[in-house]
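Analysis of the macromolecular model
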Amino acid sequence: MLKLLVAQFKEFKKEAILTPLMMVFEVIMEMVIPLLMASIIDNGVEKSDLNHIYFIGVIMIVAAALGLLFGVLGGQLAAKASCGFARNLRRSMYENIQTFSFSNIDKFSTAGLVTRLTTDVTNLQNAVQMILRMCARAPLTLIVAMIMSFSLSPRLSSIFLVAIVILACVLALIISKATKYFTQVFPKYDELNASVQENVSSIRVVKAYVREDYERTKFEKASQNIYNMFCKAENVIVWNMPVMQFTVYVCILLLSWFGAHMIVDGSLTTGDLMALLSYCMNILISLMMLSMIFVMVTLSAASARRVSEVLAEESNLTNPDHAITTVKDGSIHFDHVSFRYHKESEEPVLDDINIQIQSGETIGIIGGTGSSKSSLVNLISRLYDVSEGQLLVGGVDVRNYDLETLRREVAVVLQKNVLFSGTILENLRWGKKDATREECIHACKLACADEFIEKMPDGYETYIEQGGSNVSGGQKQRLCIARALISKPKVLILDDSTSAVDTATDAKIREAFATEIPGTTKLIIAQRISSIQNSDKILVLNNGRVDGFGTHEELLKTNEIYREVYESQTQGGGDFDENGGEA
Ligand SMILES: Nc1ncnc2c1ncn2[C@@H]1O[C@H](COP(=O)(O)OP(=O)(O)OP(=O)(O)O)[C@@H](O)[C@H]1O
Ligand SMILES: [Mg+2]
């Protein structure tokens, strides 16, 4: 786990060494000052030697200025290293996420990935900054201040030892309690992000169902959870400061009490006592810093784990070593294919699918909701890998193709299609980067999208808002079909992509397909039998199994589900699921 994180930090080796070094210089300056002060009091003030006061005073100013300089330099270096580290982490995580397959993303959830990229990385950044600045400074201050005070007066310094032991115990207690709460906070952040993300991306649905109150409650619950956790943690952490201050004051009182006696005895000078009091502050402050480092480290350990999980995740859809970069034709062969989304799940989503589709054929796919139509076609462009059996496109197992080649040749209009913010032309060119304007217009003609685009004031330059919110559902579907057509694929898959298009246009699109792209294998998932009845063959799916595979006429004779649906739709004009879907 650490290896992955360290790799992102390598670039900042110089800063990692220089920052603690600067801090060491700062500490040295800080430690010299109390000695100089003691000298001013003992040799200057008490002996009324003004020259000595001036001389040492100047040295003190120089020491303070140097301390300041080293402090600032160290701070800047630490900031550069920690911010750069965070940038590298985000970049690497983002790059890795781009390679993720659908199932990799399913595993983390989108909200989880967002939290990891933002909050968790920020935590690590803060921790690195703090550690760089304090890892040398705090222990060094502690040790040097102890040595200095023991050299001044071993008897009085033993007070510190007792104080340190007591303080260390109390701090340890505080930290162990606080970290328990902090580590529970992160999963709660995922919940909060999920709530915000879901609400914002589906705000129209939320409004349509007047679910604002429900969404508000959900958000408030997630937000309140984080509040509670942080309150609990902070309630414990606040003890840090008062406990430390209390110890400091007790030490000062004891030092003054015993110190005063020793000064009267003549075994200690006033200056030495002043210096001891300064060291007392230094020691206890460094102890507190150490405790904060511990809190930071434990806090960021959870984040470090979550970040490195994303970095370490390997896409389970990898390009093969000797990838094939041409697809011979659009034939598809499902050879005893079974598929499950999760290895552990008992029931497969697709069970022993065994069908052969010739290149250039038009295949209609029909089946009730949840009968695995989408799952079946998603295997063809390798959005998921089959669990058992083999899926051949153009006579070659899809796992042997170069992914880019395969996805260019197998164009899918997903059921949950999306348009991105940008002009219509820009959106179309997602299908093919260097498509000319003419190619784009031709694809739109095939998808019957040209008619409405030409009516728009800006035509093909019309700006599509995020998620395609300024075009109608049917228009969006037609644009998505056009986008898929641009790359002139060998296989075209439409997953319920004309559901929002009127029947006449739907027929026109199918006609255009038949005449303009006869060589392309077309797989059309539909709810309306009229959309697929003229296909070369129709596949009837039921609960992830093939229930029938044949022409319209054959199925009417042999397939009960198909006949029932057909009758219900021709008589009542009903939908697939209203009748016989799960028969
Ligand atoms: N990403 C996923 N992770 C886990 N299970 C899934 C996932 N997607 C779909 N499923 C499950 O797989 C089964 C088949 O779903 P699928 O989307 O393929 O059905 P469908 O026939 O396309 O339905 P619809 O007509 O509603 O689009 C369902 O039981 C569904 O719960
Ligand atoms: Mg579906």
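Structural data are supplied above this passage.
Summary of the structure given here. From a predicted model like this one, the values you see are computed outputs, not experimental measurements. (Residues numbered from 1 in each chain as written. Chains lettered and ligands numbered in written order. Predicted model: local features only at pLDDT ≥ 70, side-chain atom pairs only at ≥ 80, totals over all residues. Heavy atoms only, no water.)

So, the coordination of the magnesium ion (ligand 2)
For the magnesium ion (ligand 2), the protein coordination sphere consists of Ser374 (OG) and Gln415 (OE1), at 1.9 to 2.1 Å. One end of the pair, Ser374, is in helix α11 (residues 373-380); the other, Gln415, is in the loop between β6 (410-413) and β7 (422-423), with 41 residues separating them in the sequence. On the basis of relative accessible area, Ser374 is assigned to the partly exposed category, the value being 21%. (Donors = N, O, S within 2.8 Å, 3.2 Å for Na, K, Ca; no water. Helix = DSSP H or I, 4+ residues; strand = E, 2+ residues; numbered from the N terminus. Buried < 20%, exposed > 50% of the residue type's maximum accessible area, 1.4 Å probe, protein only.)

Quick look at the nonpolar core
Among the nonpolar cores identified, the biggest contains 47 residues, and Leu156, Phe160, Leu167, Phe182, Leu255, Ile283 and Leu284 are the most heavily contacted of them. If you list the elements that add at least two residues to this core, you get α2 (13-45), α5 (110-152), α6 (154-201), α8 (212-237), α9 (240-265) and α10 (270-312). Broken down by element, this core gets its largest block of residues, 16 residues, from α6. Contacts of Leu156, omitting those with residues within four sequence positions, involve Leu255, Phe258, Gly259, Met262, Leu268, Leu273 and Leu276. By size, the runner-up hydrophobic cluster in this structure holds 46 residues, among which are Ala411, Ala447, Leu479 and Ile538. (Core = buried A, V, L, I, M, F, W, Y, C linked by side-chain atoms within 4.5 Å. Contact = heavy atoms within 4.5 Å.)

Details of the site of ligand 1
In the vicinity of ligand 1, 15 residues are found, and the nearest of them are Gly370, Lys373, Ser374, Ser375 and Gln415. The backbone of Gly370 places a nitrogen or oxygen atom 2.9 Å from an oxygen atom of ligand 1. One of the backbone N or O atoms of Ser371 is found 3.2 Å from an oxygen atom in ligand 1. Among the elements that take part in the shell around ligand 1, α11 stands out by supplying three residues, more than any other. Its residues assigned to classes, the shell around ligand 1 comprises three nonpolar, ten polar and two charged. (Near = heavy atom within 4 Å. Polar contact = N/O pair within 3.5 Å; in protein donor to acceptor, adjacent residues only side chain to side chain. Nonpolar A, V, L, I, M, F, W, Y, C, P; charged D, E, K, R; others polar.)

Side note on the environment of Gln224
If you trace the backbone, Gln224 turns up in helix α8. As for Gln224 and Pro457, which are separated by 233 residues in sequence, their C-alpha atoms are 48 Å apart.

Brief notes about the environment of Thr115
Within the secondary structure layout, Thr115 lies in helix α5. With 78 residues separating them along the chain, Thr115 and Asn193 place their C-alpha atoms 7.0 Å apart.

Notes on the sheet that holds strand β10 (residues 521-525)
The mixed open sheet is built from six strands, whose spatial order is β6-β9-β10-β3-β11-β12. A single partner strand is all that each edge strand has here, and the edge strands are β6 and β12 (545-550). The mean angle between the axes of side-by-side strands here comes to 15 degrees, regardless of whether they run parallel or antiparallel. Bridge count between β6 and strand β9 (residues 491-495): four bridges; the pairing is parallel. Looking across to β9, one finds that Val410 is bridged to Val491. (Pairing = 2+ DSSP bridges. Axes fitted to C-alpha atoms, helices over the stretch in contact; angles between N-to-C directions.)

Details of α9
Compared with the 38 Å implied by 1.5 Å per residue over 26 residues, the 37 Å span of α9 between its first and last C-alpha is a close match. Of the residues making up α9, those classed as buried are Asn240, Val243, Met244, Thr247, Val248, Cys251, Leu255, Gly259 and Met262. For α9, the elements touching its buried residues are α6, α8 and α10. A positive phi of about 90 degrees marks Gly266, the residue just after α9. (Expected span 1.5 Å × (residues − 1).)

A few points about the packing of aromatic side chains
Given two aromatic rings, their pairing is described by the distance between the two centres and the angle made by the two planes. Summed over the entire model, instances satisfying the criterion amount to nine aromatic pairs. Centre to centre, the rings of Phe9 and Phe12 are 6.1 Å apart; their planes meet at 50 degrees, and the pair counts as tilted. Ring centres 5.9 Å apart and planes at 10 degrees place the aromatic pair Phe100 and Phe108 in the stacked group. No difference in accessibility class separates Phe100 from Phe108, as the two residues are buried. One Lys or Arg, Arg211, reaches over the ring of Tyr214 and ends 4.1 Å from the middle of that ring. (Phe/Tyr/Trp six-rings, centres within 6.5 Å; stacked < 30°, edge-to-face > 60°. Lys NZ or Arg CZ within 6 Å of the ring centre and 35° of its normal.)

Looking at the sheet that holds strand β1 (residues 332-339)
As summarised here, the arrangement of the four strands in space is β2-β1-β4-β5, forming an open sheet in which the pairing is antiparallel. At either margin of the open sheet sits one strand with a lone partner, and together these are β2 (350-357) and β5 (396-397). Of the pairings in the sheet, the one linking β1 to β2 comprises five bridges and is antiparallel in character. Bridge pairing in β2 links Val337 to Ile353. Across the sheet, α11 lies against β1, β2 and β4 (388-393), angled at about 120 degrees from β1, the strand it touches most.

Some points on a negative patch on the surface
Taken together, the side chains of Asp547, Glu560, Glu564 and Glu567 present a region of like negative charge at the surface. In terms of residues, the negative patch owes the most to one element, helix α20 (residues 560-572), which gives three residues. Relative to the helices and strands, Glu564 is located in helix α20. (Patch = residues over 30% accessible without salt bridge, like charges linked within 9 Å, V, L, I, M, F, W, Y side chains within 5 Å. Areas by Shrake-Rupley, 256 points an atom, 1.4 Å probe, with all protein chains shown as cover. Salt bridge = Lys/Arg side-chain N within 4 Å of Asp/Glu carboxyl O. Lys, Arg positive; Asp, Glu negative; His and termini not counted. Charge placed at Lys NZ, Arg CZ, Asp CG, Glu CD.)

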